[in-house]
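Architecture at a glance
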Protein chains: 2
Amino acid sequence: MKQYEMIEFTFHAPAPAGSQVDVDLAGTFLKDGRAVQVKGFYAGGDTYKLRFLPEEAGAYEYSIRGACLAAPEAGRLKVEGADAGRHGPVRADGAHLRYADGAWFHAFGTTIYALVHQPRALIDETMRTLSNAPFNKVRLCVFPKHYLYNHNEPDHYPFERKPGAETKDLSVKDGQVFPANPSTIAQNDTWAVERPCFAYWDALEDRLKQLDAMGIQADLILFHPYDRWGFATMPLEDNLVYLDYLTRRLSAFPNVWWSLANEYDLCFAKKLSDWQAIEEFVAKNDPYHHLLSCHNCFKPWDAARPNVTHVSWQSKQLHRVAELMRRYNKPVLIDECRYEGNLPEFWGNISGEEMTARFWRATVQGGYCTHGETFLPGTGKASLATGTGAEEVVWWARGGRLNGESPARIAFLRKIVESLPGPLEPMADGLGALFGLPDEQVREAIKAMPAGRQGFLSSFLAMDPVERDHFLAVEYSYAGHCGEDAFLYYRNDQCCARVTLALPEDKTYSIDVIDTWNMTISRAQTGAQGKARVEMPGRPWMAVLAVRER
Amino acid sequence: MKQYEMIEFTFHAPAPAGSQVDVDLAGTFLKDGRAVQVKGFYAGGDTYKLRFLPEEAGAYEYSIRGACLAAPEAGRLKVEGADAGRHGPVRADGAHLRYADGAWFHAFGTTIYALVHQPRALIDETMRTLSNAPFNKVRLCVFPKHYLYNHNEPDHYPFERKPGAETKDLSVKDGQVFPANPSTIAQNDTWAVERPCFAYWDALEDRLKQLDAMGIQADLILFHPYDRWGFATMPLEDNLVYLDYLTRRLSAFPNVWWSLANEYDLCFAKKLSDWQAIEEFVAKNDPYHHLLSCHNCFKPWDAARPNVTHVSWQSKQLHRVAELMRRYNKPVLIDECRYEGNLPEFWGNISGEEMTARFWRATVQGGYCTHGETFLPGTGKASLATGTGAEEVVWWARGGRLNGESPARIAFLRKIVESLPGPLEPMADGLGALFGLPDEQVREAIKAMPAGRQGFLSSFLAMDPVERDHFLAVEYSYAGHCGEDAFLYYRNDQCCARVTLALPEDKTYSIDVIDTWNMTISRAQTGAQGKARVEMPGRPWMAVLAVRER
């Protein structure tokens, strides 16, 4: 038994007579006076399991009791220190992410929504792709997905059907494929939520383990609206049964994150109070307090809520990352910002250059960006996978191969970020600092600026919020720093022939010019101090990195 | 004497004893019961002039009186019809622009702020460049300009100095070059505004005539803040004397437009009431009602004001053009949206691709965009001009040569636009129609959309104004149409492999795929009706044009 690795207890007893979710099996794990309470679950046949994730090495006392045990069990566990490369769950530390062992986690995510609902050959191809990709986080759904380019029937569903219930195709019933109509009433006459489909959950766990073995976090999406089976329209009562089983089974996986939803605000059968109950239930029933967020279409979920560990925005407002970091003091993940591809739909047809640029914009401020790839099936770059023939396979939903131009550049960026002495913080000065502030604070901030700048900005307050935001977005300097040890400037679409850095006067720096697209790093200066003028090639997508010399 | 060409009457009399601006010389030109009242001006030496721009062919009766005439003059004028290619002043017609003779004017502007303050060799080079460029409007300043990359002393100023006044360098006095400090008090101890410098005005008129001969409108900027001489800080009383002379001299030029300011809101010595007085004075003293606008830095000037003929925005919000057209029912000119170049400053370093894209974004909606070129002096693409050596010459301020990549593409766009049967109107449907509407109207608009779309949008109203604007900006479909005769779609950064057009069912169309960067037009279909699926190359900056077959 090792630190950061799941320990599993198996028991044999007759199947539950009633609910297969709300089973009577619970354990306590005690170390140094701190107890972790966990619940077990029914795993099918005559098998019950109870899982525990030890976050410390050393001796634990444990006790397990429940109706499926002849008698309570108790004993001692000796947990060895973590294997090399095992860091434990990722958690928030201020506006950054770090593993339980303290190592920084720089999130570089991708999106494969229906990963677990694919044929085996495609899943294998996807895992091979991920093993060579720069991504350390995957967004994936528990429920199957029904949406454009994504219609295959899965082998299994999370639950068994109710007796006599047949598969309904709600997309036909509603006369529209997406999303469920706002008039949808929460109901469930199909799915027996108290009877999990064990083959489904076994397969899901295999995926989580495969990802974990590659050092990839599973940002597990608990609900979504792209549905033809009725999973999106179950009432709250059924949703909580589902979450009860999910948290009992999966909480002890070191690499799970809870994403309450993809596009919560398009799940029209759920009210805001339902979402709040779901959030509360997950937070309360996860003994390890894994990362928890909720992803929007239109209106961002309120990241100030105490259960919410980080900002997970669908947004193209990459210039707001620093503002959000300051506002919430939580990590900011732009978990959807359009995908590299060539679909007719606007959300799936940005260039590799633009996808790469979005990563840089978010990352240099100290935020995190999420990738997706959406090439149209039948076109040269579509993600055809071994054994799947010419059917519709788009990475963002089903996996397969990556054919875009951004992953290599994201790998290049990741390497640079991981070479820095710590996580990046947004620059504290400049126009960026005026984002999202009330007028009085803007006035104060302007007063603190150099005299020449003050004049320029005194008309700022005449603008309405939309005008201000656009102004700042365009003038925004994408930049961040690690204290005075490193300064990273991303010039975005600016084709500068020259830039001038304002470095500390009392330290010396080596300055590199980085071509983020061509993936080159050129040493521009050594021994730089204070104002440093750097010649640039006059192309877009350039960055400048100044690292303190020792 | 010909329609749309300035008629000039010259009189000789002693120089005015007092003000050389407020001279007693006025004329009336009468045709078909409609009278145009004009004022004359003192032109130096013993010369007085009075000018009239006939907008109709035929017989006029006129009378001229004033202190500089021995006796009033009266007579008849026979004005012949306009020469081919002479269309008269440009005016607004709803949200579009047309010449006095009814021909549409599709504005394709550029920016040469200090054109008239340059050495002759540079001006000649600039005029040669313009004669081969796609631009039919130039933004240029009356006063000399003091700003980055733009410090040369002009040969002449609009006024003589006050007795004993020396040239002050306010940039040194203030310890900052730009812009004048907000605490600046309106004052003028240098310039004798009632004594125009005739050499200056003669030269300015030569420039206006040169532009007119090339069919280029002069968008004349009457005030700006980039100043070291004291022109930006004169009190209102002096400003009105200056405008009195200006309107007397220049109103009869067919190609002048009045741009009250460049960045009015950075002119810190002028109050809002000063600007309103300036606006009112110019509108009242221009007998021909030339186009009149006011250009902002931060806060757009209120284009709803009756004297304002069109929207002249500095903005990067190209997605708002259609909204502004609907709101004001006036032409929308994005008169500054960053410039093609390689300066360190964000406003002067977008790529040729991006400058081109901004023209397309504005133009397909029925708006108009303005170009500028800003290559850093000393770098390969800087605008070195004959005889000016290696000094700082940047097109956007001083002229010279165009070295950017966008002008050829702007010429390509202009040719396409001018081939259309009329001006483009924004599409009436889709998300774009929700821009800037109050909630109640958004609700109504959503109700009118197809059922599937309604579901998708029912969460729209939860967003705050900034979130809404960004959402719409990203989802924005840049497109326009000429009734049912032509539909033009610009896909902007979208790399589509396919698009589907929704054309009228009862007409047939020829469809072209346009590569706006490589300047190619490929016929994709003929005889298209209704839903037309068009294969696309999966690159950004593509457009699709459907033209009705006859």
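Preceding block: the structure.
Summarised in this report is the structure supplied together with it. From a predicted model like this one, the values you see are computed outputs, not experimental measurements. (Residues numbered from 1 in each chain as written. Chains lettered and ligands numbered in written order. Predicted model: local features only at pLDDT ≥ 70, side-chain atom pairs only at ≥ 80, totals over all residues. Heavy atoms only, no water.)

With 56 residues of chain B at the contact, the number on the chain A side is 56 residues. The tally of links between chain B and chain A comes to four salt bridges. The shortest N-O distance in the salt bridge between Lys299 of chain A and Glu467 of chain B comes to 3.0 Å. Counting across the chain B and chain A interface gives 17 residue pairs in polar contact (both at pLDDT 80 or more). (Contact = heavy atoms within 4.5 Å. Salt bridge = Lys/Arg side-chain N within 4 Å of Asp/Glu carboxyl O. Polar contact = N/O pair within 3.5 Å; in protein donor to acceptor, adjacent residues only side chain to side chain.)

Moving on, we come to the sheet that holds strand 2 (residues 25-31) of chain A. Consider a sheet: its strands pair through backbone hydrogen bonds, and that pairing is either parallel or antiparallel. All names here are of chain A. The sheet built from four strands is open, its strands ordered 3-2-6-7 with antiparallel pairing. Taken across any chain shown, the strands that pair with only one partner, and hence form the sheet edges, are strand 3 (34-39) and strand 7 (73-79). Strand-to-strand twist in this sheet, taken as the mean axis angle between neighbours without regard to direction, amounts to 20°. Relative to strand 3, strand 2 runs antiparallel, the two being bridged by six bridges. Paired with Gly27 across the two strands is Val38, which belongs to strand 3. (Pairing = 2+ DSSP bridges. Helix = DSSP H or I, 4+ residues; strand = E, 2+ residues; numbered from the N terminus. Axes fitted to C-alpha atoms, helices over the stretch in contact; angles between N-to-C directions.)

Let us look at the relation of the copies chain B and chain A. Least-squares fitting of chain B to chain A yields an RMSD of 0.0 Å, with the transformation described by 0.0 Å of translation along the axis and a rotation of 180°. Within this description, the copies of the chain are treated as partners about a two-fold rotation axis. When C-alpha positions in chain B are compared against the rotation axis, the closest is assigned to Val466 of chain B, at 2.5 Å. (Least-squares fit on C-alpha atoms with pLDDT ≥ 70 in both.)

Take the pattern of salt bridges next. For the structure shown, the criterion picks out 90 salt bridges over all chains. Note that Arg358 of chain A is salt-bridged to Glu354 of chain A, the shortest N-O span being 2.8 Å. Here Arg358 of chain A and its partner Glu354 of chain A are both found in helix 7 (residues 352-364), four residues apart, which amounts to about one turn of the helix. As far as the burial class goes, Arg358 of chain A and Glu354 of chain A line up, both buried. Here Asp485 of chain B makes a salt bridge to Arg550 of chain B, at a shortest N to O gap of 2.6 Å. Note that Asp485 of chain B is positioned in the loop between strand 23 (478-482) and strand 24 (486-490) and Arg550 of chain B in the segment after strand 29 (542-548), a separation of 65 residues in sequence. Since its relative accessible area comes to 23%, Asp485 of chain B is described here as partly exposed. On the accessibility criterion, Arg550 of chain B (77% relative accessible area) is exposed. Sharing partners across several salt bridges, the network here consists of Glu8, Lys49, Arg51, Asp202, Glu205 and Arg249 of chain A. (Buried < 20%, exposed > 50% of the residue type's maximum accessible area, 1.4 Å probe, protein only.)

So, on to the packing of aromatic side chains. Inspection of the entire model under this criterion finds 82 aromatic pairs over all chains. Aromatic pair Tyr200 of chain B and Trp201 of chain B: ring centres 5.4 Å apart, planes at 90°, arrangement edge-to-face. We note Arg98 of chain A situated over the ring of Trp104 of chain A; from NZ or CZ to the ring centre the distance is 3.6 Å. Across from the ring centre of Trp517 of chain B, 3.7 Å away, lies the NZ or CZ of Arg409 of chain B, which sits over that ring. (Phe/Tyr/Trp six-rings, centres within 6.5 Å; stacked < 30°, edge-to-face > 60°. Lys NZ or Arg CZ within 6 Å of the ring centre and 35° of its normal.)

Attention now moves to the pairing of strand 6 (residues 58-66) of chain A. Residue and element names in this part refer to chain A. Summarising the sheet, strand 2 and strand 6 pair through six bridges and their orientation is antiparallel. Bridge pairing links Gly27 to Ile64 in strand 6. Summarising the sheet, strand 6 and strand 7 pair through seven bridges and their orientation is antiparallel. Residue Ile64 lies in a different strand from strand 7, and its bridge partner there is Glu73. If you look at the hairpin formed by strand 6 and strand 7, you'll find six residues sitting between the two strands.

With that settled, the discussion passes to unusual backbone geometry. All names here are of chain B. With a phi angle near 50°, Asn329 is a residue other than glycine that sits in the positive phi range. Along the chain, Asn329 falls in the loop between helix 6 (321-328) and strand 18 (332-336). Backbone geometry places Asn492, a non-glycine residue, at a positive phi of 55°. Within the secondary structure, Asn492 sits in the loop between strand 24 and strand 25 (498-502). A relative accessible area of 11% means that Asn492 is categorised as buried.

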